[in-house]
Amino acid sequence: MGNKRILVISDTHCPYQHPDTVKFLTAIKKEYDPDTVIHIGDELDYHAMSFHPSDASLYSAGDELKAGREVLWEMEKLYPKVTVIASNHGSMAYRKAKVAGIPKEILRPYKELLGLKDWNWVDDLELTLPNGQPCYFIHGLSANTRTLLNNKMMSSVQGHYHEKFEIIYQGNGERLNFGMTVGCFFDDA
């Protein structure tokens, strides 16, 4: 049975990821050899396309995409098969196109744009853990990890809340569930 060693890669925001991201992920693969890999979303940052004011000293939108893809391609060499959870930054091009009145059908498929063969995007994900219990993965549902856990009534993992890392437990007579909010690989330097 799979899902014994699940790696959750969180909020890389490429090309603004921490400089040791790939080195760290290489060490994780060597030490733990994950059998399931989930990128919890915000794989690319898209700072230059944000709805918020952009820092003119950072990459242009095109340069950001090129540099970000290079990092993702390095990650793909380590982890060729990844499930990516849809996220607010990952959907930036589609959201900007929608505001501009551009139909989604005109745009290249996201997976094709990034050139990642066996990385697949889903809105959310539910896996069965080795103990038979379900576990839910989403980019971000609530800044309060307990609210996430209570809403899903099963073990749950989320990203999105960069400054927060937390694991909580909640049990009843039938099972013990955990709620996890993962940190991020974003380099705020």
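Above this note sits the structure.
**A short note on the sheet that holds strand 7 (residues 155-158)**
Read from one edge to the other, the open sheet built from five strands follows the order 5-6-7-9-8, with strand pairing classed as mixed. For this open sheet the edge positions go to strand 5 (125-128) and strand 8 (166-171), each flanked by a neighbour on one side alone. Between one strand axis and the next, the sheet turns by 20° as a mean value, whatever way the strands run. Each of strand 6 (134-138), strand 7, strand 8 and strand 9 (176-181) is contacted by helix 5 (residues 145-152), which is oriented at about 40° to strand 8, the strand it contacts most.

**What to know about the sheet that holds strand 3 (residues 82-85)**
Here four strands make up an open sheet; going across it, the order is 1-2-3-4 and the pairing parallel. Each having just a single partner strand, strand 1 (6-9) and strand 4 (119-122) make up the two edges of the open sheet. Neighbour-to-neighbour, the strand axes of the sheet open up by a mean angle of 25°, direction not taken into account. Pairing geometry for strand 3 and strand 4, over four bridges, is parallel. By the bridge assignment for strand 4, V84 is matched with W121.

**Re the pairing of strand 5**
A one-sided burial pattern is seen for strand 5, the buried positions being L125 and L127 and the unburied ones E126 and T128. Strand direction decides the pairing type here: strand 5 and strand 6, joined by four bridges, are antiparallel. Looking at the pairing, E126 lines up with Y136 of strand 6. Counted along the chain from strand 5 to the antiparallel partner strand 6, the turn is five residues long, and its residue G132 has a positive phi close to 90°.

**So, the packing of aromatic side chains**
Inspection of every chain in the model, using the stated rule, returns four aromatic pairs. Note on F24 and F185: the rings are 5.8 Å apart at their centroids and 55° apart in plane angle, and the pair reads as tilted. With a gap of 161 residues between them, F24 in helix 1 (residues 21-32) and F185 in the segment after strand 9 connect regions that are remote in the sequence. Residue F24 is classed as partly exposed on the basis of its relative accessible area of 43%. By relative accessible area, which is 13% here, F185 ends up buried. Cluster of aromatic residues (ring-pair linked, three or more members): Y94, Y110 and W121. Between K29 and the ring centre of Y79, over which it is positioned, the NZ or CZ distance is 5.5 Å. Across from the ring centre of Y94, 5.1 Å away, lies the NZ or CZ of K104, which sits over that ring.

**Considering the pairing of strand 2 (residues 36-39)**
Along strand 2, one buried face is formed by T36 and I38 and the opposite face, lined by V37 and H39, is buried too. Here strand 1 runs beside strand 2; their pairing, made up of four bridges, is parallel. Within strand 2, the residue paired with V8 across the bridge is I38. In this fold, the crossover linking strand 1 to strand 2 by way of helix 1 has right-handed handedness. Alignment of strand 2 against strand 3, held across two bridges, turns out to be parallel. From the neighbouring strand, H39 faces strand 3, where its bridge partner is V84. Note that the unit made of strand 2, helix 2 (residues 61-78) and strand 3 has a crossover that is right-handed.

So, how was this worked out
- Residues numbered from 1 in each chain as written.
- Predicted model: local features only at pLDDT ≥ 70, side-chain atom pairs only at ≥ 80, totals over all residues.
- Heavy atoms only, no water.
- Pairing = 2+ DSSP bridges.
- Helix = DSSP H or I, 4+ residues; strand = E, 2+ residues; numbered from the N terminus.
- Axes fitted to C-alpha atoms, helices over the stretch in contact; angles between N-to-C directions.
- Contact = heavy atoms within 4.5 Å.
- Buried < 20%, exposed > 50% of the residue type's maximum accessible area, 1.4 Å probe, protein only.
- Phe/Tyr/Trp six-rings, centres within 6.5 Å; stacked < 30°, edge-to-face > 60°.
- Lys NZ or Arg CZ within 6 Å of the ring centre and 35° of its normal.
- Right-handed = clockwise from strand over helix to strand, strands pointing away.

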